[in-house]
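# Examining the three-dimensional arrangement
The residues making up each chain are set out below.
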Amino acid sequence: MPGQAISPRRPAGGPATLLRALALAAVLLILPFATGPSTFSPAGMAVAQTTDAAPTAEEDAQLRAALATEGSGFDGALAMIRALAATGDARAARAIDALQSGNLGRLNDGGLVILEGRGNDADMRDPVTGEDLGKAERGQVERIRVNNRVRVEARAAMGLIDLRAKRPERRVAAADGLIKSPDAAALPLLTQAIETETDSRARDALTKALAAVQAFYAENPEERLQAIETLGDYADPQVRSLLGRIADGTPEGLSPDAAQAVKGAAIDALAAVEAKLEMWALVGNVYQGLSLGSVLVLAAVGLAITFGVMGVINMAHGEMVMLGAYTTYLVQQGIAAAAPALMPVSLLIALPAAFLVSGAAGFAIERSVIRWLYGRPLETLLATWGLSLIIQQAVRSIFGPTNREVSSPDWMSGAFEIAGGITLTYNRLWILAFSLVVVGGVALLLRKTPLGLHVRAVTQNRAMASSMGIRTGRIDALTFALGSGIAGIAGVALSQIDNVSPNLGQGYIIDSFMVVVFGGVGTLWGTLIGGFALGVVNKLLEPFAGAVLAKILVLIAIILFIQKRPRGLFALKGRAVEA
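Just so it is clear, the structure is predicted and the values come from calculations on it, not from any experiment.

The rules behind each value
Residues numbered from 1 in each chain as written. Predicted model: local features only at pLDDT ≥ 70, side-chain atom pairs only at ≥ 80, totals over all residues. Heavy atoms only, no water. Phe/Tyr/Trp six-rings, centres within 6.5 Å; stacked < 30°, edge-to-face > 60°. Lys NZ or Arg CZ within 6 Å of the ring centre and 35° of its normal. Buried < 20%, exposed > 50% of the residue type's maximum accessible area, 1.4 Å probe, protein only. Helix = DSSP H or I, 4+ residues; strand = E, 2+ residues; numbered from the N terminus. Arc of directions from axis to C-beta. Core = buried A, V, L, I, M, F, W, Y, C linked by side-chain atoms within 4.5 Å. Contact = heavy atoms within 4.5 Å. Axes fitted to C-alpha atoms, helices over the stretch in contact; angles between N-to-C directions. Parallel < 35°, antiparallel > 145°, perpendicular 65-115°, else oblique. Left-handed = near helix turned anticlockwise from the far one by under 90°. Nonpolar A, V, L, I, M, F, W, Y, C, P; charged D, E, K, R; others polar.

For the rest of this paragraph, the subject is the packing of aromatic side chains. Summed over the entire model, instances satisfying the criterion amount to five aromatic pairs. Relative to Tyr217, the ring of Phe216 has its centre 6.0 Å away and its plane inclined at 40°; by these criteria the two rings are tilted. Ring pairs connect the aromatic residues Tyr326, Tyr329 and Phe399, which therefore count as one cluster. It is Arg371 that lies over the ring of Trp372; its NZ or CZ is 4.8 Å from the centre.

See the structure below:
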């Protein structure tokens, strides 16, 4: 289980030597504190850019009937605009836009075309399909004249078309546009759209847009006050900006007393919205901290085994993560070439491959280098640091110094937005869940398998385990390989949120050591709690101190904490530890 205590083979010199070794590691790799790639920056809500279904013959007929609306002069143009808007067809915006810009023309036979260009060089296009109809001949087309009244009606009609679009995403986008730029002409359109709206998300957006327009343009002061009160219930940055404009300006079209009341209500509503946004910003920072913590946990679990169980300061641990990421890249390249249909599950295929590649590399490192340096932490640190540089250069020579692209499957792509403008990306949520699965799997392996039993026996009492017939040297190699393989699995996950480059692992090694030391050397439960705790604290400090200073403050806090509790947050207990 995660809280299983594993007694490490204590390095010579005790906690003081350990602290000196970690200080040297921080000096060697101080660069990640200024360029840590694990900073989470929400990318924002991703809306799928899909197209509507192909228009039917009936829809084409309705649009052409609207274009053929009877009437002449400006009144005829207004009647045609209203008929086009009533169709709710997005293609009607093409004709309305051409009309308000003076580029809609009537042929001698009464048909309508969109003109591109001037004079004899004008090209004609079908207002329904956009099909090229060739050059306009002299006297063949007469442009329809418009005035300001027609232009205003055209702008309002284009808004109505979006508000009545078939896709809810377009209706929400139209409502958001009215929140940013309220338009008095949209009041009746919004009221009509709300009455017929069936999608709950779109209805909420339309209601918010109606309140925004009413807050600016309602003739009745009571309606404006009610609209402002409604806006005060939303935790939305756009609403905050809109209320700020009302609070800082002078409401138009009202008596001085009514204007002052509206302004005061806007100030109160603005304070309420800002309080809600601050609360959601805190929630967002906590989520980002948990997201960062999941990354730290993934990077540190393998280190908790090699460092916590064996007392080995493995500065090449980050390169095991990097090898896992490059294995993912190679697996995806192979699948794309041989079996493209398997791309949605390419990451699942990459998991065992990354474990085997990084595990084999770890096994080779332990047999060739680490086995000769047990009990000598400073020498181990320098030797593995040199190995990390060798591995980085080897990968750079094979794959080049540029980043390699690892694609995300559809089930890990995209995001969704919650209140307060907080956006949760699916890849981060999957990694958060994956980190818990990895910790649970490692705990089960150490608790329920023969290998785990031998690992615990060797680390608790090496001499007794050896006398019972356990091959301690073999267990050392397998334990190191296990920790390296888990690091490779972490590389699969990190390939989804970070650049796959030869320097990938360097950005996580110091943070991983901090997690292990803070949580308690040798305890998976401590690694889990320590990783999430450091991630959350880091993200809560960043808004006040900045990313670099926040990391430095966390490092200082951990050093002070270790001075008070040298064995970490969850100290191991037992005679072997006290020996």
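Turning our eyes to something else, we now look at helix H8 (residues 187-196). Looking only at H8, the buried set comprises Leu187, Leu189, Leu190, Ala193 and Ile194. Viewed end-on, H8 has its buried residues packed into an arc of 160°, placing them on one side of the element. In H8, the exposed residues that point more than 90 degrees away from the buried face are Pro188, Glu195 and Thr196.

All right, on to the nonpolar core then. Nonpolar side chains in soluble globular proteins tend to end up buried together. Core analysis: the biggest nonpolar cluster contains 45 residues, and Val442 and Leu534 have the highest contact counts within it. Among the secondary structure elements, those contributing two or more residues to this core are helix H12 (256-310), helix H16 (426-448), helix H17 (450-460), helix H19 (472-494), helix H20 (509-519), helix H21 (524-545) and helix H22 (547-564). With ten residues, the single largest contributor to this core is H12. Not counting chain neighbours up to four residues away, the residues in contact with Leu534 comprise Leu296, Met514, Val515, Phe518, Val554 and Ile558. Grouped together as the second largest cluster of nonpolar side chains are 42 residues, Ala156, Ala186, Leu190 and Ala235 included.

It is worth spelling out the packing of helix H4 (residues 73-87) against helix H5 (residues 92-100) at this point. It is the contact of H4 with H5, at a shortest axis distance of 9 Å, that shows an interaxial angle of 160°. Taken together, the axes of H4 and H5 are roughly antiparallel relative to one another. Considering the relative orientation of H4 and H5, their crossing is left-handed. Judged by residue contacts, Ala77, Met80, Ile81, Leu84 and Thr87 of H4 engage Ala92, Ala95, Ile96 and Leu99 from H5. Residues belonging to the contact of H4 with H5 are distributed by class as follows: eight nonpolar, one polar and no charged.

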